[in-house]
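Chain by chain, the residues run as shown.
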2 protein chains.
Amino acid sequence: LESIQARIRFILETDRLKSVYRQTYITDVSRQENSAEHSWHLALMAILFRDAANVPDLDLLKVVKMLLIHDIVEIDAGDTFAYDEQGHLDKAERENAAAQRIFGLLPEGQREEMIALWREFEARETPEARYAAALDRFHPMLLNLHSQGTAWRKHGITKRQVLNRNRVIADGSEALWEAAQQIVAEAAAKGYLPE
Amino acid sequence: LESIQARIRFILETDRLKSVYRQTYITDVSRQENSAEHSWHLALMAILFRDAANVPDLDLLKVVKMLLIHDIVEIDAGDTFAYDEQGHLDKAERENAAAQRIFGLLPEGQREEMIALWREFEARETPEARYAAALDRFHPMLLNLHSQGTAWRKHGITKRQVLNRNRVIADGSEALWEAAQQIVAEAAAKGYLPE
């Protein structure tokens, strides 16, 4: 397989995602979560919460693929904190360039497949992308609640900001949005999220 | 969905896999790799190297599921270093107990599916399990070569030990076994693996 070396170079390049740290803390609050382990946790959730998706017959393998690659652009573009309005202004541009460079390491067919999957995820128009995005929003809320609200408190995030930002969960999963609202209520009760 | 809370507890429990460190170093050699990010990297490889599997029409979603969960037992049982013969004596027993406890947090149907997947992976009898196992062996070799052989050198691992231990890659992927032998040759040339 002549193209095996190109794929190996891609795998070595993506090793750097293990050094991209997110704002969210892992549940023992010992450190921030990195984007590689975050992607693992989301893919695992996609499998286990499949019946919580609004559209029951979605393509689960496609969801998992999307979640495994959705943050790879952060290797070049960095993680943009969900509540960083400034950082979101040029996020799309930075991430597009990153996608071209990093997925560009792959053989042609796979490069096109991965870029298409990443764009589909970002566009949130298909049932698979909506379910994947719901998990991507739900997971940090869950971790925040179970890490003493550390990331929220550090950045002074309010209950309203969390509800507004994450309402989109309902487009992928009404059931997860219900659970997400419980998380916000519980976090507010614990004093992690001011009104 | 009444069982959503049980699945959330499982997700919170598996967050601990991010704190199980393996012997292998990430490629910038700044620290050891943890089992959560390792699982992410393997699932990504499974997708990209699918055509390198000996059996072309295998169930890729099953392979990915196996790889996402294959190390979860380490939360209780710890990571057993590939070349630790002592540690392997009671590995199966420790890991079985861990599987019962951790997957036992899931609703019944999912608990059974996950335990069955984990057993299938461990038994290495199906094409999916053999391909998954090949990736699980190949990946640390690749990382070792690209992290100055740090883990191998630290434990005084020889070229023969690496070849003997990882020959099983060929059962899942002849193409990856060929690439693995190139890795060993290169690592030996760089002085990472003595004869």
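Everything discussed here concerns the structure shown above.
Predicted model, so just to flag it, every value in this text is computed and none were measured.

A word on the pairing of strand β1 (residues 21-25) of chain B
Residue and element names in this part refer to chain B.
Step number 1: Summarising the sheet, β1 and strand β2 (residues 32-34) pair through 2 bridges and their orientation is antiparallel. Paired with Y25 across the two strands is Q32, which belongs to β2.
Step number 2: Connecting β1 to the antiparallel partner β2 that follows it, the hairpin turn spans 6 residues, and V29 within it adopts a positive phi of roughly 60°.

Considering the environment of D28 of chain A
Residue and element names in this part refer to chain A.
Step number 1: Inspection of the secondary structure puts D28 in the loop between β1 (21-25) and β2 (32-34).
Step number 2: In sequence terms D28 and F138 are 110 residues apart; their C-alpha atoms lie 19 Å from each other.
Step number 3: Of note is the side chain of D28, whose polar atom sits 2.6 Å from the side chain of S30.

So, the pattern of salt bridges
Step number 1: Within the structure shown, the criterion is met by 27 salt bridges over all chains.
Step number 2: Across the pair R16 of chain A and E13 of chain A runs a salt bridge whose closest N-O atoms are separated by 2.6 Å.
Step number 3: Where K65 of chain B meets E113 of chain B, a salt bridge forms, and the shortest distance between an N and an O atom there is 2.8 Å. Of this pair, K65 of chain B sits in helix α3 (residues 60-69) while E113 of chain B sits in helix α7 (residues 108-123), placing them 48 residues apart in sequence.
Step number 4: Connected through salt bridges with shared partners, the residues R22, E33 and D71 of chain A together with D15 and K18 of chain B form a single ionic network.

What to know about the relation of the copies chain B and chain A
Step number 1: When chain B is fitted to chain A, the residual RMSD is 0.0 Å, and the transformation amounts to a turn of 180° plus an axial shift of 0.0 Å. Taken together, the rotation and translation relating the two chain copies correspond to the operation of a two-fold axis.

Remarks on the packing of aromatic side chains
All names here are of chain A.
Step number 1: In the structure shown here, the tally under the stated rule is 4 aromatic pairs over all chains.
Step number 2: Residues F81 and Y83 carry aromatic rings whose centres are separated by 5.5 Å and whose planes lie at 70° to one another, so their mutual orientation is edge-to-face. Of the two residues, F81 and Y83, neither departs from the other in class, the shared state being buried.

Some details on the nonpolar core
Step number 1: In terms of nonpolar packing, the biggest core is built from 135 residues, with F103 of chain A together with F103 of chain B touching the most fellow members.
Step number 2: Excluding residues that lie within four positions of it along the chain, F103 of chain A makes contacts with F10, I69, I72, V73, A98, R111, M114, I115 and W118 of chain A.

Considerations on α7 of chain B
Step number 1: The terminal C-alpha atoms of α7 of chain B, which comprises 16 residues, lie 22 Å apart, in line with the 22 Å expected from a rise of 1.5 Å per residue.
Step number 2: The set of residues buried in α7 of chain B consists of Q110, M114, I115, L117, W118, E120 and F121 of chain B.
Step number 3: In this fold, the buried residues of α7 of chain B make contact with α2 (35-48) of chain A together with α1 (4-14), α3, α6 (91-103) and α8 (127-145) of chain B.
Step number 4: Looking at the residues trailing α7 of chain B, positive phi occurs at R124 of chain B, about 50°.

Details of the environment of L105 of chain B
Residue and element names in this part refer to chain B.
Step number 1: Along the chain, the position of L105 falls in the loop between α6 and α7.
Step number 2: Overall, L105 belongs to the partly exposed group, its relative accessible area being 29%.
Step number 3: With 36 residues separating them along the chain, L105 and M141 place their C-alpha atoms 33 Å apart.
Step number 4: When neighbours within four sequence positions are excluded, L105 is seen to be in contact with A6, R9, F10 and E13.

Examining the packing of α2 of chain A against helix α8 (residues 127-145) of chain A
Residue and element names in this part refer to chain A.
Step number 1: Axis separation between α2 and α8 bottoms out at 10 Å; the angle between their running directions is 125°. Between α2 and α8, the interaxial angle falls into the category oblique. Where α2 crosses over α8, the two elements pack in a sense that is right-handed. Facing H38, H41, L42, M45 and A46 of α2, the residues of α8 in contact are Y131, L135, D136, F138 and H139.

Looking at unusual backbone geometry
Residue and element names in this part refer to chain A.
Step number 1: At V29, a position not held by glycine, the phi torsion is positive, near 60°.
Step number 2: The topology assignment puts V29 in the loop between β1 and β2.
Step number 3: Residue V29 is classed as partly exposed on the basis of its relative accessible area, which comes to 24%.

With respect to the interface of chain B and chain A
Step number 1: Taken residue by residue, the interface counts 52 residues in chain B and 52 residues in chain A.
Step number 2: Between chain B and chain A lies a buried interface of about 4400 Å² when both sides are counted; carbon and sulfur atoms form 72% of it.
Step number 3: Here chain B and chain A share 26 residue pairs in polar contact (both at pLDDT 80 or more) between them.
Step number 4: If you list the elements that add at least two residues to the side of chain B that touches chain A, you get α1, β2, α2 (35-48), α3, α7, α8 and α12 (174-189) of chain B.
Step number 5: The element that contributes the greatest number of residues to the side of chain B that touches chain A is α2 of chain B, accounting for 10 residues.
Step number 6: Residue composition of the side of chain B that touches chain A, by class: 32 nonpolar, 11 polar and 9 charged.

Some details on the side chain of R31 of chain B
Step number 1: By the secondary structure assignment, R31 of chain B is in the loop between β1 and β2.
Step number 2: In this structure R31 of chain B comes out as buried when scored by relative accessible area, which is 17%.
Step number 3: Side-chain polar atoms of R31 of chain B contact the side chain of Y21 of chain A, separated by 3.4 Å.
Step number 4: Looking at R31 of chain B, its side chain comes within polar contact range of the side chain of E37 of chain B, at 2.7 Å.
Step number 5: Leaving out residues up to four positions away in the same chain, R31 of chain B has contacts with K18, Y21 and N34 of chain A together with Y21, Y25, I26 and E37 of chain B.

Quick look at the side chain of N34 of chain B
Step number 1: Along the chain, N34 of chain B turns up in strand β2.
Step number 2: Separated by 3.3 Å, the side chain of N34 of chain B and the backbone oxygen of K18 of chain B make a polar contact.
Step number 3: In this structure, N34 of chain B is in contact with R31, N34 and E37 of chain A together with L17, K18, V20, Y21 and R22 of chain B, ignoring residues within four places of it in sequence.

Reading the values: rules and limits
Residues numbered from 1 in each chain as written. Chains lettered and ligands numbered in written order. Predicted model: local features only at pLDDT ≥ 70, side-chain atom pairs only at ≥ 80, totals over all residues. Heavy atoms only, no water. Pairing = 2+ DSSP bridges. Helix = DSSP H or I, 4+ residues; strand = E, 2+ residues; numbered from the N terminus. Polar contact = N/O pair within 3.5 Å; in protein donor to acceptor, adjacent residues only side chain to side chain. Salt bridge = Lys/Arg side-chain N within 4 Å of Asp/Glu carboxyl O. Least-squares fit on C-alpha atoms with pLDDT ≥ 70 in both. Phe/Tyr/Trp six-rings, centres within 6.5 Å; stacked < 30°, edge-to-face > 60°. Buried < 20%, exposed > 50% of the residue type's maximum accessible area, 1.4 Å probe, protein only. Core = buried A, V, L, I, M, F, W, Y, C linked by side-chain atoms within 4.5 Å. Contact = heavy atoms within 4.5 Å. Expected span 1.5 Å × (residues − 1). Axes fitted to C-alpha atoms, helices over the stretch in contact; angles between N-to-C directions. Parallel < 35°, antiparallel > 145°, perpendicular 65-115°, else oblique. Left-handed = near helix turned anticlockwise from the far one by under 90°. Buried area = accessible area lost by both parts, 1.4 Å probe. Nonpolar A, V, L, I, M, F, W, Y, C, P; charged D, E, K, R; others polar.

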